[in-house]
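# Per-entry structural report
As a plain string of letters, each chain reads:
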Amino acid sequence: MTDPASNPLSTNQDLDPVQLRQAFGTFPSGVVAVAAEVDGRATGLAASSFTSVSLDPPLVSFSIANSSKTWPDLRLAPHLGVTVLADHHGQVCRQLAGPVDQRFDDVPVRVSEQGALFPVEGLAHFDCTIHDEVVAGDHTIVLLRLHAVAHSETFQPLVFHRSVFGKLARPA
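Residues numbered from 1 in each chain as written. Predicted model: local features only at pLDDT ≥ 70, side-chain atom pairs only at ≥ 80, totals over all residues. Heavy atoms only, no water.

Turning our eyes to something else, we now look at the overall build of the protein chain. A tally of helices and strands in the protein chain yields three helices and 12 strands. A burial count over the protein chain gives 37% of its 172 residues as buried. Sequence separation of at least 24 residues holds for 62% of the intrachain contacts in the protein chain that already meet a minimum separation of 6. In the structure as shown, the protein chain presents an accessible area of about 10500 Å², 55% of it carried by carbon and sulfur atoms. (Helix = DSSP H or I, 4+ residues; strand = E, 2+ residues; numbered from the N terminus. Buried < 20%, exposed > 50% of the residue type's maximum accessible area, 1.4 Å probe, protein only. Contact = heavy atoms within 4.5 Å. Areas by Shrake-Rupley, 256 points an atom, 1.4 Å probe, with all protein chains shown as cover.)

Structure representation (structure tokens):
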């Protein structure tokens, strides 16, 4: 095992996308589905960059690649559903990263009156609207204003680490 502190840090000139992705991947994160009904069809994506931002006003955020083909449609929805995916949602997450027309095939969902879409059995569900968008390099940070929230203690989170999905060990 190599201690990262014993390796020299790269300068900006040495940072390539593969090296960055590998380094970023050492930080485990949860995964969320961001979804809504748009023009009568389920539209959504998976994001591992979700974070809480503020309690007053209640805000969360996620980042989306500027090259996303889904975000231009999804951002038109009046409300967005953000679901913290549970450890049994690995296949759902893979679908949300796959072909657009198959993302919700055989995925049980609940849709709010405002069109926010939630895969069932998530750890938490947030009903949101877009508060702001901040372009940051090749991604956009999307700030979402929370309007309703529900959470469950029933499941463990889906964890994304080093480009694979994993589970937390269950408490004894």
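Considering all chains together, one arrives at two aromatic pairs under this definition. Plain terms: the ring middles of Phe 50 and Phe 126 are 5.7 Å apart, the flat faces sit at 35° to each other, and that makes the pair tilted. Remark: Phe 126 occurs in strand β9 (residues 124-136) and Phe 50 occurs in the loop between β3 (41-47) and β4 (51-55); sequence separation between them is 76 residues. By relative accessible area, Phe 126 is classed as buried at 13%. Here the aromatic rings of Phe 62 and Trp 71 are separated by 5.6 Å at their centres, their planes lie at 85°, and the arrangement is edge-to-face. Since its relative accessible area comes to 6%, Trp 71 is described here as buried. (Phe/Tyr/Trp six-rings, centres within 6.5 Å; stacked < 30°, edge-to-face > 60°.)

With respect to the secondary-structure elements, His 89 resides in the loop between β6 (80-84) and α3 (90-96). Residues within four places of His 89 in sequence aside, it is in contact with Val 120, Glu 121, Gly 122 and Leu 158.

What follows concerns the pairing of strand β2 (residues 32-38). The buried fraction of β2 amounts to six of the seven residues, a majority that puts the element mostly inside the structure. Bridge analysis of β2 against β3 gives seven bridges, and the strand direction is antiparallel. Residue pairing for β3: Val 34 is matched across the bridge by Leu 45. What sits between β2 and β3 in their antiparallel hairpin is a turn of two residues, with Asp 39 showing a positive phi close to 50°. Where β2 meets β6, four bridges bridge the pair, whose relative direction is antiparallel. The partner of Val 34 across the bridge, within β6, is Val 82. (Pairing = 2+ DSSP bridges.)

The next subject is the environment of Thr 83. Along the chain, Thr 83 falls in strand β6. Distance from Thr 83 to Ala 33, taken between C-alpha atoms, is 5.1 Å for residues 50 residues apart in sequence. For Thr 83, the residues in contact, after removing those within four places along its chain, are Val 31, Val 32, Ala 33, Leu 117, Phe 118, Pro 119, Gly 122, Ala 124 and His 125. Among the polar contacts made by the side chain of Thr 83, one reaches the side chain of His 125 at a distance of 3.3 Å. (Polar contact = N/O pair within 3.5 Å; in protein donor to acceptor, adjacent residues only side chain to side chain.)

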